[in-house]
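Coordinate inspection notes
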Amino acid sequence: KLIQIEIDPLVAIVDAAHKTSPIDSLVSIDASSSFDPNSPSGAVIHAWSCLNLSGPTNRSCDLPSSLDLSSPILSIAANTLQANTRMLFTDSIRSLNISTLTSTVTTLLDTVPARSPTIRFDSLEKEKFNTDEFVRIRAFVSSAGGDLSSIWQISLDDGEHFISLTSFSTLQHTNSSKETSASESVVLSLTIPPGGQSTPSWPGLLPGRLYSVSLVALNEEGESAGFINLQMNSPPTVGRIEIDTSPLIALSPFTVSLGDGWSDTDLPLSVTFGIRSIMIDGFSSLVSLPSSLSSSTSLVLPSASKKGGSCGDRNGHAITVKVCDRLFACSSTESSLLSVARPSNLSASLAAIAQEIHNEIDNGNSWVALPLLGAMWAENCTQSMESISADKIVTRLLTSIDETSSPSEYREVMSVVTRMIPSLSPTTQLKAFSFVTQYQKLLGIATTSSSRSKRSTPLAASNDVLDTLLPYFDGLLRSNISSTPVSSTFADSYFSTIEVLLSG
């Protein structure tokens, strides 16, 4: 039997990506948090090196001969470095137990005249940021030379023009620097929002661009400037969607795949295929498959024609795809409108797709079975089915939801449960009602009259109520609620939901 052992990469951590330090202060660069996750001790070996970047050519730094370059914390004594010098320190880290397992961290150090402010940047939490994310930057500034003032800026692509970001910054330490020793720090935080959110006039950062965020700190003795590079992530380039068969026949599987043109450097890519159904009246609905690393999938569609005629008057279908890189930047596109012919033998096609749904359910692929189920309902012009199959599908779906499930997964299950109410046995109806009660609690809806007046959790959004809960309760009412096992507790749950809707 072949046993495959995976080796995790070293965790390499340094306390700052960039530091600005006056020459009369101790310089400390700390990589002691680095470790080897493959070893119980986590032991690693450090080897520091330095390049002087101030001259016309890079050269080795002039460092004190007593400096221990194998220490996890590099400590350079005060008054041993020259002012106005830029140095790049690199720690080459190697596992103690696996000599081929290595990693590196770097810190850029700028030295300034004595008693000028000291600036140290925290390392960014991510290597790249998406344009819809908040970027949080934190700097530690200490000063022994009087009152401290600071300016945040960000450079554009040419590196010469700057935009002030000071309005986005916050001061997390309120002591006057006259009361602060050189060893204490003021924490300056900068949060850059996505474009158009907290500040409508702020255009936001552009995908794929490399920005330099700088902090200028001034006191009575001088000025220090530090910067940290900010790399924005680009979403995958949009390519083609390939469909492998023509003409399309309702309920007959066909393969959809990513065509040429999709690319990104941040692999792997996750792919989400979907089906958008467009009706004659212009209304459309979207069903998405679970995301996966596969670049192709098998789909099944109900019939649709520009002439209408199918139940529901479907005008056509469009295949949608969303491709996301490993940093969750996404691009989307969809196919042109597709016509789908009705099968020549509808009964045989319905029987085949019903068997496929059962196979997916039996294999634990409940989410894969849902689009098949939707296609079967649409083509058969009914949502009714025999009780054993309905119970099996709903029970599998209910057990697939837990505290880690997303709100969209709850809503998807609620939609299926609502459609299957007429086909469910009394036992499964009780299970479904218990699930609905759990969903109400998730939304902050009390389900008993005694607790409604004491609700402390936020009210649910009206859209959640309109789109999921009300259709379920309406379905129960239409199915003669008095004859179901949930009749005794229906009223409290129903009126609690109505109360939330009216309150919204």
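If you check an unreviewed UniProt entry, the protein appears there as PKD/REJ-like domain-containing protein from Pristionchus mayeri.

**With respect to the state of the cysteines**
Taken as a whole, this structure holds two disulfides when the rule is applied. With a sulfur-sulfur separation of 1.9 Å, cysteine 50 is cross-linked through a disulfide to cysteine 61. Every disulfide takes its handedness from the sign of the S-S torsion; for cysteine 50 and cysteine 61 that torsion is -65°, giving left-handed. Here cysteine 61 lies in the loop between strand 5 (59–60) and strand 6 (73–76) and cysteine 50 lies in strand 4 (residues 48–52), a separation of 11 residues in the sequence. Look at cysteine 61 and you get buried, because its relative accessible area is 14%. Here cysteine 324 is linked by a disulfide to cysteine 330, with a sulfur-sulfur distance of 2.0 Å. Judged by the torsion about the S-S bond (105°), the cysteine 324/cysteine 330 disulfide is right-handed. For cysteine 330, a relative accessible area of 34% corresponds to the partly exposed category.

**Things to note about helix 1 (residues 346–362)**
Between its first and last C-alpha, helix 1 extends 24 Å over 17 residues, near the 24 Å set by a 1.5 Å rise per residue. Among the residues of helix 1, those classed as buried are Ser349, Leu350, Ile353, Ile357, Glu360 and Ile361. The buried residues of helix 1 occupy an angular sector of 110° when projected down its axis, which confines them to one face. Along its buried surface, helix 1 packs onto helix 2 (366–380) and helix 3 (387–399). Once helix 1 finishes, glycine 364 follows within two positions and takes phi at roughly 80°, a positive value.

**Describing the environment of methionine 385**
Along the polypeptide, methionine 385 turns up in the loop between helix 2 and helix 3. Looking at methionine 385, the relative accessible area reads 19%, which means it is buried. As a C-alpha pair, methionine 385 and methionine 420 span 35 residues in sequence and 7.9 Å in three-dimensional space. Not counting chain neighbours up to four residues away, the residues in contact with methionine 385 comprise Leu373, Met376, Trp377, Ala390, Ile393, Met420 and Ser423.

**Thoughts on the pattern of salt bridges**
Applying the stated criterion across every chain yields a total of 14 salt bridges. Salt bridges here are not isolated pairs; linked through shared partners, they connect Glu127, Lys128, Asp266 and Arg326.

Rules behind the numbers
- Residues numbered from 1 in each chain as written.
- Predicted model: local features only at pLDDT ≥ 70, side-chain atom pairs only at ≥ 80, totals over all residues.
- Heavy atoms only, no water.
- Disulfide = S-S within 2.5 Å.
- Helix = DSSP H or I, 4+ residues; strand = E, 2+ residues; numbered from the N terminus.
- Buried < 20%, exposed > 50% of the residue type's maximum accessible area, 1.4 Å probe, protein only.
- Expected span 1.5 Å × (residues − 1).
- Arc of directions from axis to C-beta.
- Contact = heavy atoms within 4.5 Å.
- Salt bridge = Lys/Arg side-chain N within 4 Å of Asp/Glu carboxyl O.

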